[in-house]
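Structural characterization, general
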Amino acid sequence: MEIKRQDYLQILKDSTGKTDLVKVLTGMRRTGKTTVMLQHLEYLRSTGISEDSICYIDLDIMAREVTAEELKGMLQPCLSHEGMHYILIDEIQDVVGWERIVAMLVARRDCDTYITGSNSRMMSSELSTKLSGRYMEVEILPLSFKEFVELHGGDIEKRFREYLYYGALPSMEPDRGERVCRAHAEGVYNTVMMKDIMSRISGKSDILNSICKFLFSNIRNITNAERISKELGISNDTVRKYLNFFIDAHLFYHAERYDVVGRKIFSSKGKYYATDLGMRNLHVTANELRDISASLENVVYFELVRRGYRVFVGSFRDQEIDFTAIRGDQVKYYQVSQTIMAEDTYNREVRPLKSIDDNYEKTILTMDKFGLGNDNGVNVVNLIDWLLERI
């Protein structure tokens, strides 16, 4: 069973027919890029576009690497027809010189082009260099909790526990049990490490894994390369290089630190959030698994990203604010706490929000079901209701 990834499909639908703009679907492996592309292919067919005008190529199933000339040959039967052409190429990044093929399609002005890619050869800096502004990047994330519930159904609270524990990859099947789910997460993790990271660098897997494990254990903590270097006894340059590869492979996302008072961004410090909690949970201790606070914060970060915000972590004077979310001229502040039933916890979470002297929306997200409402401009909202967009 699969669900329609409506937000992504709407973006592709809105850009259909723009021959001067390559639609690039990026994201970690197994987040559903191929599914989104195939669902868009169904949409194109539903509008009456003939099969002769459509060319879909899945390079991930090829037994060997394909050359640029071979790829050009695969496209030729479709391109030989007159009229608009709809070109969809899956996992194009391993074709050496792929950018020349895509540039050729753009130059023709009769090709509506879509491509997907998973690794560092498809990172934003590479795209901007090779496609020179002629592309639109659509980052495909794992399922939102709302999508997870739509896909699997059942008791909401049970599904939320599974969402935190097994992760949100579309191919994850929680009803198959823990052993199958953990084996699936481990397989995806190993594939990302081997195909998208180890194959691109000359490095030791034990160093990569130790840095990765540190990040998984510290998703709630402000950190940087210097701290990781000091903690693990690995050179600063090595840590920086590996952090970049983790981000390029979409294994982690980096949220920069933001000073609310000075409106300053500190890119050298921030937090690293795990794209998939299922993979994260393979590498943390039993005590870390029992404390779901870090997982809740991780979930909120990615939900805000899905909703189109640029998300920062930071502080207001000497007080912590979990997230400042900015979209256009809209700013929202969020605190995330498993429970705020204890008075001292509530005061700690609400104080920095009440101290901010502006009229932007301020929200505490909690697993609590009681004590919700508005406290002098601060919304106290149940986290699951917020994720399901019930409020």
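It should be noted that the structure appears before, not after, this text.
Residues numbered from 1 in each chain as written. Predicted model: local features only at pLDDT ≥ 70, side-chain atom pairs only at ≥ 80, totals over all residues. Heavy atoms only, no water.

As for the overall build of the chain
Worth spelling out the cut-off: The numbering of helices and of strands both runs from the N terminus, where a helix is a DSSP run of H or I of at least 4 residues and a strand a run of E of at least 2. Only C-alpha atoms enter the radius of gyration, while the globule expectation follows 2.2 Å times N to the 0.38, with N the number of residues. Only protein chains enter the accessibility calculation, which uses a 1.4 Å probe; a residue is then buried when its area is under 20% of its type maximum, exposed when over 50%, and partly exposed in between. We call two residues in contact whenever any of their non-hydrogen atoms come within 4.5 Å of each other. Here the accessible surface of atoms and residues is derived via Shrake-Rupley with a 1.4 Å probe, and residues count as covered only by protein chains that are part of the display. For the charge count, each Lys or Arg is scored as positive and each Asp or Glu as negative, with His and the chain ends excluded. Charged side chains are reduced to one point each, which is NZ for Lys, CZ for Arg, CG for Asp and CD for Glu.
In terms of helices and strands, the chain carries 16 helices and 13 strands. The C-alpha radius of gyration computed for the chain amounts to 22 Å, which stays within 12% of the reference 21 Å derived for 391 residues, consistent with globular compactness. Projected onto the principal axes, the alpha-carbon positions of the chain cover approximately 70 × 50 × 45 Å. Per-residue burial over the chain gives 52% buried out of 391 residues. Within the chain, counting contacts between residues at least 6 apart in sequence, those at least 24 apart form 65% of the total. Carbon and sulfur atoms make up 47% of the accessible area of the chain, which amounts to about 18000 Å² in all. Computed over 52 positive and 58 negative side-chain charges, the inter-centroid distance for the chain is 2 Å.

Focus: the sheet that holds strand 12 (residues 373–375)
To keep it simple, the criterion reads: Strands are treated as partners if at least two bridges between them are detected by DSSP. Each axis is a line fitted through C-alpha atoms, taken for helices only over the stretch in contact, and angles between the N-to-C directions span 0 to 180 degrees.
Strands sit in the order 7-6-8-9-10-11-13-12 across an open sheet of 8 strands; the sheet is mixed. Of all the strands in the sheet, just strand 7 (264–274) and strand 12 have a single pairing partner and so form its edges. Averaged over neighbouring strand pairs, the angle between their axes works out to 35° when direction is ignored. Pairing of strand 9 (residues 319–327) with strand 10 (residues 330–337), which is carried by 5 bridges, proceeds in the antiparallel orientation. Residue pairing across strands places Arg327 opposite Gln330, the latter belonging to strand 10. Sheet strands touched by helix 14 (residues 293–306): strand 6 (252–259), strand 7, strand 8 (310–316), strand 9, strand 10 and strand 11 (361–366). Its angle to strand 7, the strand with the most contacts, is close to 115°. Packing against the sheet, helix 15 (residues 343–355) makes contact with strand 8, strand 9, strand 10, strand 11, strand 12 and strand 13 (378–382), and its axis sits at approximately 170° to strand 10.

Notes on the pattern of salt bridges
Note the threshold: Any carboxyl oxygen of Asp or Glu within 4 Å of a side-chain nitrogen of Lys or Arg constitutes a salt bridge here.
Evaluated as defined, the whole model comprises 27 salt bridges. A salt bridge links Asp175 to Lys158, with the nearest nitrogen and oxygen atoms 4.0 Å apart. Placement of the pair is Asp175 in the loop between helix 7 (156–166) and helix 8 (178–198) and Lys158 in helix 7, with a sequence separation of 17 residues. Asp175 gets classed as exposed once you look at its relative accessible area, which sits at 55%. With relative accessibility at 34%, the residue Lys158 sits in the partly exposed group. Where Glu297 meets Lys271, a salt bridge forms, and the shortest distance between an N and an O atom there is 2.8 Å. Separated by 26 residues along the polypeptide, Glu297 in helix 14 and Lys271 in strand 7 bring together distant segments of the chain. The same class applies to Glu297 and to Lys271, which are both buried.

So far we have only geometry, and geometry alone does not tell us how the molecule works.
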